[in-house]
Structure formats: structure tokens, C-alpha cells
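The lines below spell out each chain.
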Amino acid sequence: MRKTIIAGNWKMHKTIAEAVTLAEAIKSQNPNPSLEIVICPPFTALTEVAKAVQGSPVAVAAQNMHWEVQGAFTGEVSPAMVKDAGCKYVVLGHSERRQYFGETDETVNKKVKAAITHELIPIVCVGETLEQREAGQTEDVVATQTKGGLAGLSAQEVADLVIAYEPVWAIGTGRTASDDDAQQVNAYIRSVVAEVFGTEAAEAVRIQYGGSVKPSNAKNLLAKGDIDGALVGGASLKIEDFQGIIDGAKA
Ligand SMILES: O=C(CO)COP(=O)(O)O
């Protein structure tokens, strides 16, 4: 049984005080032992948020990191630092990082390996642009990103991580993939994992959907067999919306 994982990616939002307030509100909600809740504040708030949720079932993730342990990489944050800040997870290869900051499957792969070395669980993002979808390239794109991002890992390492399918055209647009479309791509990603890493890894790996997830569509998306959770952007910034999504997963 794969445990449903709902993650809130706060992107470049919230001061430390605002982040702690939201984290405490999430922590104070009734935890459901069949769900895993993860919050991804900006770097500046990681330590304080990790302290605020310590001892609760809410886990903390960084939104990115470098692959080197330390060194002359101005502006970067290392896996050891992310771990030290109290993170359990790290989001890697988000489409905004690929689009605006030049991330490639190769750099994502280096980061995934570094995360595992530092006992951080990667949430590896894949997803096609609108142009690619309209050209019929969705499967090719997610297969290439999945194989590239996970290259060189063992079946067990893949079984333990999380993949997030986030179609770029659905991010921040209010335009969600239909639950059937999302299910279809998630199932396809699982088949790619099976082909490369074997059926056990494919059965175990959790594959989230992300892209305009909100309380009104979460329940139907999360009811699909290959959608093991959600990676939520905008709707994770307000407690009412995030809680509504969590409630959808509970039902
Ligand atoms: O990019 C996302 C989460 O990582 C999705 O963002 P939205 O939920 O705002 O569409």
C-alpha cells in the first residue's frame, strides 16, 4: 500500500513569521495516519518551520538544493545544509527551476543522487509543456525526464522516493488536467519505472499529481489508482484551501 503524500510547495512566498504561522495551523489540524503531509517553505524559513512542526506528523521539504556538499557556489544551498535545517524531503527538478534556472535532467540526476546520499527523500518533478502536449509528446517527455532524473539509482532507491507529475500548462493557470488524463500519465510514468527498475520499484514508488490542485478537484484526482498524492502550489498558501485538499484525500 502506498501512503498518500500531500505536499504544499510555497514557492517564493512567506516571511519567516508568516511561514511559522501557517505551519502551526497545519500542524494543529487533525492528523490522519493514512496521509503524509509535507510543507515546502522558502530556504529562509526552513529552520523555524522545522522547529515549529517538530514532533508532529508534518514533514518539511526544501524546494531545491545544489548537489555539492560545500564549496564556492555563491547563492547555493547544499544537501548537508538542507538536512541540517530539519528537512526530510527535497523537491527537485520543478518545472520553474527547469524553465527559469536552466535545470536539466543531468543536474536533476546529480541532485537526486546527492539527496539520497544525505538521507533526504527526493520529490522529482516531471511534466510536459502545452506545446509538447499538443504535439503529442507527453509520454516521450515524461519518460525522458523520469529516466534521466533517476539514472543510476537502485530499484530500492527508486521505490523510496517520490515522483511528481506536473504538466507545465496546469501550473498556476487554474487549468487542471482531468483526473483521467492525470491518471493516464501517472500510470504511464509507473510503467516507465517498471521497465527500467522492475515491478517492485514501480509498485512502491509514489507518484503525485500537481497543477492547480484545489479543494474542489482534489478528491477525484486522489481517488485515481496511480495518483498517490498531490504537489500543491497556490492552494497550499492558505490553511482553508490546503485543509480542504487534505480532507479530499481523507474521504
Ligand atoms: O507547481 C506546483 C506545485 O509544485 C503547482 O502549482 P499550482 O498548484 O499553483 O498550480
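Everything numeric in this text was worked out from a predicted model, so none of it was measured.

(A) Region of the structure containing empty space enclosed by the protein. Under the definition given, this model contains one cavity of 30 Å³ or more. Taken as a whole, the largest cavity spans an internal volume of roughly 140 Å³. Lining of the largest cavity is provided by 13 residues; of these, I26, N30, P31, N32 and I37 occupy positions nearest its centre. Every element with two or more residues in the lining of the largest cavity is listed here: helix 1 (16-28), strand 2 (35-40) and helix 12 (239-250). Among the elements that take part in the lining of the largest cavity, helix 12 stands out by supplying three residues, more than any other. Its residues assigned to classes, the lining of the largest cavity comprises seven nonpolar, four polar and two charged.

(B) Examining the UniProt feature "binding site: substrate" (unreviewed entry) in the protein chain more closely. Feature annotation in UniProt places "binding site: substrate" (unreviewed entry) on N9, W10, K11, G172, S212, G233 and G234, given in this structure's numbering. In summary, the annotated positions, though distributed over 226 residues, converge in three dimensions, the widest C-alpha pair being only 13.9 Å. Set against the largest pocket, the annotated residues named above that line it are N9 and K11. Within the fold, G172 resides in the loop between strand 6 (162-165) and helix 9 (179-197). The residues contacting S212, other than those within four sequence positions of it, are A170, G172, T173, G174, R175, T176 and N217. Here the side chain of S212 touches A170 through a polar contact of 2.7 Å, landing on its backbone oxygen.

(C) Main features of the layout of surface pockets. Considered as a void within the structure, the largest pocket measures approximately 490 Å³ in volume. As for the largest pocket, its lining consists of 19 residues, of which K11, M12, Q63, R97 and F101 are closest to the centre. Residues that form the lining of the largest pocket fall into these classes: nine nonpolar, six polar and four charged. Space inside the second largest pocket adds up to approximately 200 Å³. Around the second largest pocket, the lining comprises 18 residues; the ones closest to its centre are G172, G211, S212, G233 and G234.

(D) Layout of the confidence of the model for the protein chain. Mean pLDDT over the protein chain works out to 96, with 100% of the residues at or above the 70 mark. Mean pLDDT values over the elements of the protein chain span from 92, in helix 12, up to 99, in strand 4 (residues 89-92). Two numbers describe this predicted complex: its pTM, 0.98, and its ipTM, 0.99.

(E) Inspection of the pairing of strand 1 (residues 4-9) at higher detail. Burial within strand 1 is extensive, with five of its six residues counted as buried. Here six bridges tie strand 1 to strand 2, and the two strands are oriented parallel to one another. Residue A7 lies in a different strand from strand 2, and its bridge partner there is V38. One crossover worth recording links strand 1 to the parallel strand 2 by way of helix 1, and it is right-handed. When strand 1 meets strand 8 (residues 229-232), the two strands line up parallel, connected through four bridges. Paired with G8 across the strands is V232, a residue of strand 8.

Cut-offs used in this document
- Residues numbered from 1 in each chain as written.
- Predicted model: local features only at pLDDT ≥ 70, side-chain atom pairs only at ≥ 80, totals over all residues.
- Heavy atoms only, no water.
- 1 Å grid on protein atoms, 1.4 Å probe; cavity = no way out; pocket = protein on both sides within 12 Å on 5 of 7 lines; lining within 4 Å.
- Points joined across faces, edges and corners; volume = space filled by probe spheres on them.
- Helix = DSSP H or I, 4+ residues; strand = E, 2+ residues; numbered from the N terminus.
- Nonpolar A, V, L, I, M, F, W, Y, C, P; charged D, E, K, R; others polar.
- UniProt positions renumbered as here; feature names shortened; annotations may be inferred.
- Contact = heavy atoms within 4.5 Å.
- Polar contact = N/O pair within 3.5 Å; in protein donor to acceptor, adjacent residues only side chain to side chain.
- pLDDT = per-residue confidence, 0-100.
- Buried < 20%, exposed > 50% of the residue type's maximum accessible area, 1.4 Å probe, protein only.
- Pairing = 2+ DSSP bridges.
- Right-handed = clockwise from strand over helix to strand, strands pointing away.

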